Amino acid sequence: MNQFYFTPGPSQLYFTAEEHIKSALKENVPAISHRGKQFQSIFQDTTQAIRDLFSLSERYHVFFTSSATEIWERSIQNLVEFESCHFVNGAFSKRYASIAENLGRKTTVIQAREGEVVNIESLLIPESCELIAMTMNETSTGASHAIDDIRKVREGFPNQLLSLDVVSCAPCLDIDYSLVDLAYLSVQKCFGLPAGLGVWIVNDRCLNKSEALLNKGLSIGSYHALPELLIKAQKNQTPETPNVLGIYLLGKVAQDMLKKGVDMIRRETNYKAAALYNTFENSEILNPFVKYKVNRSKTTVVAETSIPNQVIIDKMSEKGLILGSGYGKFKDQHIRIANFPTHSKEQIEYLSDELMKIAGE
Ligand SMILES: *Cc1c(COP(=O)(O)O)cnc(C)c1O
């Protein structure tokens, strides 16, 4: 039976990924030199497609890493001398804070209740914080910031570097990236690609900060320090031998998304999310975990279950529909459903119907 993955990362591959993987093999992409012209042209195409998809101005640079987790570490090394501030809405945002602590930085943690996000209205952040870390979409609980929260934080704290985790929501949300100094993602979520590639978007403020730390004689890491990444990116290269296949595939899928139209992708995301939450509201055994509607994730939709979640996961799996379980301490209490661009309206409707059938039993 065909299986279809609604797990929130890795997830079902983007529907054009297979065709691009085949072309990549035919073109010998995994064998080419990362110092040659062919790679430079792949690098150029992929970064340009990301710039277009995210509407990035010239002040922004696009770099590649191995994952979003790596970007947590690199961003602290490059951008924080003493102190960072983290909005912790769940397990992923918490991990960023703990990496900063591991690196010996002082961290201010602003903790939201489970299934909620940090309230932006009454924030107190010490002026000494150099970087504010926001996680747009907390994949562990399905709690998402309202788009307007970014602008509010930017206006309230113009002196800090603002870091935005868009790992499990870009490019499905209409985010104005000119409001943030750095943003990052991994390709196995909304882009529907094999894991092992992170995309790090930074502006000149970030580059200046990392240069300043370097000039003070501090360590900002080595091959993936921002000045190193920049020198190589200016030649359409990377410091190390990168995930060439991943960079190629990302460029192709980003171009496909541009052709389809990012507005269309966002409209479909909204429609499918509404269908899923509607199913939860009408189901006897499911309830949206995130209580405040404005904070319900459009891309990682999470329900509490009133029967053991494994029963639901198993029944769906019999239909070839692979759902995510809860994350961390909610492992047995939630189901998580990815609503990424590759998940079509028809598949979401089919999944909703099947979930309602269990509810009726
Ligand atoms: C998946 C995820 C990450 C980590 O991505 P990796 O590719 O495992 O490094 C970080 N933040 C959020 C919100 C995520 O969903």
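**Q** Just checking my understanding: could you explain the nonpolar core for this structure?
**A** For soluble globular proteins, the rule of thumb is that nonpolar side chains tend to be buried together. By size, the foremost hydrophobic cluster in this structure holds 87 residues, and its most contacted members are Phe-54, Phe-87, Val-166 and Phe-191. In terms of residue count, helix α8 (residues 244-260) provides more of this core than any other element does, eight residues in total. Counting residues domain by domain, this core receives three or more from each of domain 1 (4-12 + 261-360) and domain 2 (17-259). Residues contacting Val-166, with those up to four places away along its chain left out, are Met-136, Ile-175, Tyr-177, Ala-183, Tyr-184 and Leu-185. Ile-285, Ile-312, Ile-337 and Ile-358 belong to the second-largest nonpolar core, a separate cluster that totals 21 residues.

**Q** Looking at this structure, I do not really get the domain arrangement of the protein chain. What am I missing?
**A** Think of interface size as the accessible area that goes away when the parts come together; that is how it is often given. For the protein chain, the assigned domains read domain 1 (4-12 + 261-360) and domain 2 (17-259). Inter-centroid distance (C-alpha atoms) of domain 1 to domain 2 is 26 Å. Residue-level contacts link 27 residues of domain 1 with 30 residues of domain 2. Interface area, domain 1 with domain 2, both sides summed: about 2,200 Å², of which 59% is carbon and sulfur. Of all residues in domain 1, the largest losses of buried area upon contact with domain 2 belong to Arg-266, Asn-295 and Tyr-327, amounting jointly to 24% of the total for that side. Here domain 1 and domain 2 share two salt bridges between them. Asp-174 serves as the salt-bridge partner of Arg-266, at 3.3 Å between the closest nitrogen and oxygen.

**Q** Which parts of the structure should I look at to understand unusual backbone geometry?
**A** Backbone torsion omega between Gly-9 and Pro-10 reads -5°, so that peptide bond is classified as cis. Among the secondary structure elements, Pro-10 is positioned in the loop between β1 (4-5) and α1 (17-26). Although it is not a glycine, Ser-55 adopts a positive phi angle of roughly 50°. What makes Ser-55 exposed here is its relative accessible area of 63%. Although it is not a glycine, Asn-236 adopts a positive phi angle of roughly 55°. Topologically, Asn-236 is positioned in the loop between α7 (226-233) and α8. Of the residues examined, Asn-236 reaches a relative accessible area of 19% and is grouped as buried.

**Q** Even after reading the chapter, I still don't get the sheet that holds strand β12 (residues 300-305), so can you show me in this structure?
**A** Through backbone hydrogen bonds, the strands of a sheet pair up, either in parallel or in antiparallel fashion. Across the sheet, four strands lie side by side as β11-β12-β15-β14; this open sheet has antiparallel pairing. Taken across any chain shown, the strands that pair with only one partner, and hence form the sheet edges, are β11 (286-288) and β14 (324-325). Inspection of the sheet shows β12 paired to strand β15 (residues 334-338) by five bridges, in the antiparallel sense. Residue pairing across strands places Val-302 opposite Arg-336, the latter belonging to β15. Along the sheet face, helix α10 (residues 309-318) touches β11, β12, β14 and β15 and points at about 35° away from the line of β15.

**Q** Is there a simple way to think about the side chain of Thr-135 in this case?
**A** One can find Thr-135 in strand β5 (residues 131-135). Residue class for Thr-135 comes out buried when judged on its relative accessible area of 3%.

**Q** Any chance you could explain the site of the ligand here in plain terms?
**A** Lining the immediate environment of the ligand, one finds 13 residues, of which Thr-69, Thr-139, Asp-165, Ser-186 and Lys-189 sit closest. With respect to the ligand, the side chain of Thr-69 contributes an N or O atom lying 2.6 Å from an oxygen atom. A distance of 2.8 Å separates a nitrogen atom of the ligand from a polar side-chain atom of Asp-165. Contact with the protein chains hides 87% of the accessible area of the ligand, taken as 380 Å² for the molecule alone. Element by element, the count of residues in the shell around the ligand is highest for helix α3 (residues 68-79), at three residues. Considered class by class, the residues forming the shell around the ligand number four nonpolar, seven polar and two charged.

**Q** Explanation requested: the confidence of the model for the protein chain in the structure shown.
**A** In low-pLDDT regions, the fine details of the predicted coordinates are not to be read closely. On average, residues of the protein chain score 97 in pLDDT, and 99% of them are at 70 or above. The secondary structure element of the protein chain with the lowest average pLDDT is helix α11 (residues 345-359), at 94, and the one with the highest is strand β9 (residues 182-186), at 99.

**Q** Can you walk me through the sheet that holds strand β3 (residues 83-88) in this structure?
**A** The strand order β2-β10-β9-β8-β5-β3-β4 describes an open sheet built from seven strands, whose pairing is mixed. If you trace the sheet from one side to the other, it starts and ends with β2 (60-65) and β4 (106-111), each paired once. Strand-to-strand twist in this sheet, taken as the mean axis angle between neighbours without regard to direction, amounts to 20°. Across three bridges, β3 lies against β5 in parallel orientation. Residue pairing across strands places His-86 opposite Ala-133, the latter belonging to β5.

Calculation rules
Residues numbered from 1 in each chain as written. Predicted model: local features only at pLDDT ≥ 70, side-chain atom pairs only at ≥ 80, totals over all residues. Heavy atoms only, no water. Core = buried A, V, L, I, M, F, W, Y, C linked by side-chain atoms within 4.5 Å. Buried < 20%, exposed > 50% of the residue type's maximum accessible area, 1.4 Å probe, protein only. Helix = DSSP H or I, 4+ residues; strand = E, 2+ residues; numbered from the N terminus. Domains from an automatic or database assignment. Contact = heavy atoms within 4.5 Å. Buried area = accessible area lost by both parts, 1.4 Å probe. Salt bridge = Lys/Arg side-chain N within 4 Å of Asp/Glu carboxyl O. Pairing = 2+ DSSP bridges. Axes fitted to C-alpha atoms, helices over the stretch in contact; angles between N-to-C directions. Near = heavy atom within 4 Å. Polar contact = N/O pair within 3.5 Å; in protein donor to acceptor, adjacent residues only side chain to side chain. Areas by Shrake-Rupley, 256 points an atom, 1.4 Å probe, with all protein chains shown as cover. Nonpolar A, V, L, I, M, F, W, Y, C, P; charged D, E, K, R; others polar. pLDDT = per-residue confidence, 0-100.

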